[in-house]
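# Understanding the architecture of this molecule
Each chain is listed here by its residues.
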Amino acid sequence: MYECLKGLEPARVFEIFDQLCRIPHGSGNEKAISDYICRFCKDRELWVLQDEAYNLIIRKPATPGYEKAPVVVLQAHLDMVCEKNGDKVHDFEKDPITVLRDGDRIYGDGTTLGADDATGVAFAMCVLEAEGLSHPALEVVLTADEEAGMSGIKALDFDQLQGRVIINLDCSDEGIVVGCAGSAVVRMSLELERETVPGNWESGTVKIRGLKGGHSGLDITKERGNANVLLARLLSGLACTCRVRLGSFDGGLQTNAICREAEAKIAFPADSRDTLLQCIMDWENIFRKEFKISDPDVQVLMEDTAEPWGVYTEEGAERLLDTLLNIDCGVMAMNVEVPGVPETSGNIGVVTSARSGVVIRTLYRSCLDSKKQYAIDKNRRLARLCGAEFQVESSSPEWEYQADSRLSALIQRIYRERFGRDLAVEVSHGGNECGTFFQKFPEADIVCTGTRIIGAHTPDESVMVSIIQQEWEMLCLTLEGMLSYCDWNGR
């Protein structure tokens, strides 16, 4: 066990969290963690079903006296967002997460921690093995690929589930969440011809660094810079002022993270180097002025490179910049019913270069399916204008707010009685699997709760020991309180 986690209570939660951090489990790489939990359940003689997508459905009978309480579904996801600082050497396919602690704060060593959603998985596993905890019959659903496309829950056999009271353990907000946005990832692929670098030209790599990034749903209103957008703006300006030619464009690792770092290979006339360096300094000053509050440490750098490569044709580079600079990125509309929460947003999350061209992947979120479809259609038409191939890679439904939720009322009452204050109840612009549960079971009573994540989807991700302790206590109290669920009147 990591030394920094020893002695923390509840001990079993942190012991299991420790084990999960040692198993690589980025999106699309969930087999090992799924197998580990499957063995965990079989060792405890629990019924467990593992499907081909590595989703798990686990059943645990009600404790004595809770046989007539409604079946409760506990749900969390197995995968994590894999983000790291540019100078960090870490292979998410095989390296464990190095866990560090500074007082109350737990975090990773230059990488995402994976508390989203390893804390939720650890909670569920602790409930499954707990012997002194009173609870109704439980169905624990642990899904794969929540972060990258929700392909796991789309493959889930919902006919296996009896429960219609659902506690999702993937909350990264304050309080509880009772509704969330739907999402879609769209992909544009541009085929771009290359040609040799003109004679007597030099080459370099322009980089955007120092941005905070963040969760593309929860942090999108903070007006943080998106490195893909800033780099496209920079290159558009340099093409006019310094005759810069473009050879590649790469930025971002995940569609659901605001892009923190991006870079492009460029070529330029040897006699324009001084002018180019001055222009780069000018652009850095522009960005620092624009983002002096949200991203005061933004940097624009240029490094020399001796690597031989070609450049895109001028027409191809223009098509690429036309595309990037006309994709909606950021808040597109605010929710008129829920103050302070976006209705619709976009995030150019990942741009990757290959020899044949460039691929752009953008994540859209909206609490309205019609507005999500509108964003998709705008991208489809933009792709047609720019000569790009277009594809919707994934789509997930929104989860509508239900004002009469008994589960929400019960959790609020328990929190008020335990802590003497009201619990925050929110509708989130982040996405989770509650939308699919709501689509499959419209009559279900669903609440999203769990450990609040700080800096989600970035290498600054962290979680507080005190919050884990509080959320674990609340989960136990909620399960114990389910006897009163059927006759709960909200008072």
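Look up a bit, the structure's there.
Residues numbered from 1 in each chain as written. Predicted model: local features only at pLDDT ≥ 70, side-chain atom pairs only at ≥ 80, totals over all residues. Heavy atoms only, no water.

### Observations regarding the pairing of strand β24 (residues 445–448)
Successive side chains on a regular strand alternate, one facing one side of the sheet and the next facing the other. We apply this condition: Only protein chains enter the area calculation, which uses a 1.4 Å probe; residues under 20% of their type maximum are buried, those over 50% are exposed, and those in between are partly exposed. Helical segments are the DSSP runs of H or I of at least four residues, strand segments are the runs of E of at least two, and each set is numbered from the N terminus. Two strands make a pair as long as DSSP finds a minimum of two bridges between them.
Residue alternation in β24 divides its side chains into two sets, D445 and V447 and I446 and C448, and both sets are buried. Pairing of strand β7 (residues 165–168) with β24, which is carried by four bridges, proceeds in the parallel orientation. Across the sheet, residue I166 finds its bridge partner in β24, namely I446.

### Quick notes on the packing of helix α5 (residues 227–241) against helix α6 (residues 273–290)
Rules: Axis definition: a line fitted to C-alpha atoms, limited for helices to the stretch in contact. Angles are taken between N-to-C directions and run from 0 to 180 degrees. By convention, the crossing between two helices is left-handed when the near helix turns anticlockwise from the far helix through less than a right angle, and right-handed when the turn is clockwise. By definition, residues are in contact when any of their heavy atoms lie within 4.5 Å. Polarity classes work like this: nonpolar for Ala, Val, Leu, Ile, Met, Phe, Trp, Tyr, Cys and Pro, charged for Asp, Glu, Lys and Arg, and polar for all others, with Gly in that last group.
Running from N to C, α5 and α6 cross one another at 145°; their axes reach a closest spacing of 11 Å. In the crossing of α5 with α6, the sense of the turn from one axis to the other is right-handed. Of α6, the residues touching α5 (which contributes L230, R233, L234, G237, L238 and T241) are L276, C279, I280, W283, I286, F287 and E290. Looking at side-chain class alone, the contact of α5 with α6 contains nine nonpolar, two polar and two charged residues.

### Some thoughts on the pattern of salt bridges
As a reminder of what qualifies: Definition used for salt bridges: Asp or Glu carboxyl oxygen within 4 Å of a side-chain nitrogen of Lys or Arg.
Taken as a whole and assessed by the stated rule, the structure comprises 29 salt bridges. Among the ionic pairs, R164 bridges to E443, the shortest N-O distance being 3.1 Å. Here R164 is found in the loop between α4 (151–155) and β7, whereas its partner E443 is found in the loop between α10 (434–440) and β24, with 279 residues between them in sequence. Owing to a relative accessible area of 28%, R164 belongs among the partly exposed residues under this scheme. For E443, a relative accessible area of 53% puts it in the exposed group. Across the pair R361 and E393 runs a salt bridge whose closest N-O atoms are separated by 2.8 Å. Note that R361 is positioned in strand β21 (residues 357–366) and E393 in strand β22 (residues 389–396), a separation of 32 residues in sequence. Taking the relative accessible area as the measure of exposure, R361 reaches 23% and is therefore partly exposed. Given a relative accessible area of 31%, E393 falls into the partly exposed group. Linked through salt bridges whose partners overlap, the residues forming this network are R12, E15, R44 and E129.

Worth remembering: the numbers are spatial, not functional.
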